[in-house]
Structure formats: structure tokens, C-alpha cells
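Examination of the molecular architecture
Take a look at the letters that make up each chain.
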Amino acid sequence: MASEKKIKITQTGSPIGRTDDQRATLVGLGLNKRHRSRELIDTPEVRGMINKVRHLVRIDEEAK
């Protein structure tokens, strides 16, 4: 488990004016305000969530 790949994402866009599912996806990723970052385990589920809101987030660090 210690060798799990991590990915760091930062919210760059505001959820104001976005659809409810995009807002919920940001909350599911643990993001709620601009310029906040989270480090998550790199799984297909997380990648799918990032893909859904890719215009609102930035990937800072790929897997280590």
C-alpha cells in the first residue's frame, strides 16, 4: 500500500454557474474553493472525476 501512486490536483476554476454534477464532482474530489489542493491516490475512478471537471482543475504532480 505504501507504493500507491499519488496525484496532486488544484482547483483553478469556480463552481459558480456550473452544473450540479460538476459541483458534486468537485466536492467528491475534496475541493470547494479556488487554489485549494488535494493529494489523492491515482485510480481510474479519480481520473474519471478529474476528466469530468478538467476545465476547473490543474494536475500539479503526476504519480511519484
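Residue indices begin from 1 for each chain and proceed along its sequence in written order. The model is predicted, so local features are restricted to residues of pLDDT at least 70 and side-chain atom pairs to those at 80 or more, both for listing and for counting; the totals for chains, interfaces and linings are taken over all residues. Hydrogen atoms and water are omitted, and side-chain values are computed over all heavy atoms in the structure.

**A look at the environment of Ile41**
Note the cut-off: Labels follow the DSSP assignment, with helices taken as runs of H or I lasting at least four residues and strands as runs of E lasting at least two, numbered in each case from the N terminus. Residues are treated as being in contact if the distance between any of their heavy atoms lies within 4.5 Å.
Structurally, Ile41 can be placed in strand β2 (residues 37-41). Put simply, Ile41 and Lys5 are 36 residues apart on the chain and 5.9 Å apart in space, counted from C-alpha to C-alpha. Ile41 has contacts with Glu4, Lys5, Lys6 and Val46, leaving out every residue within four places of it along the chain.

**Here's the deal with helix α1 (residues 20-28)**
Rules: Exposure classes here rest on a 1.4 Å probe applied to the protein chains alone. A residue is buried below 20% of its type maximum, exposed above 50%, and partly exposed in between. In this description, one arc is meant: the one made by directions from the helix axis to the C-beta atoms.
Among the residues of α1, Gln22, Thr25 and Leu26 are the ones counted as buried. Around the axis of α1, the buried residues are gathered within 100° of arc, so they sit on the same side. Pointing more than 90 degrees away from the buried face of α1 are the exposed residues Asp20, Ala24, Val27 and Gly28. Here the buried face of α1 lies against β1 (6-11), α2 (44-52) and β3 (57-61). Positive backbone phi, approximately 85°, marks Gly30, located one or two places after α1.

**Considerations on the confidence of the model for the chain**
Heads up, the condition is: pLDDT is a residue-level measure of predictor confidence that goes from 0 to 100.
Per-chain confidence: the chain averages 92 in pLDDT, with 94% of residues scoring 70 or above. Confidence scores differ between elements of the chain, with β3 showing the lowest mean pLDDT of 90 and α1 the highest of 97.

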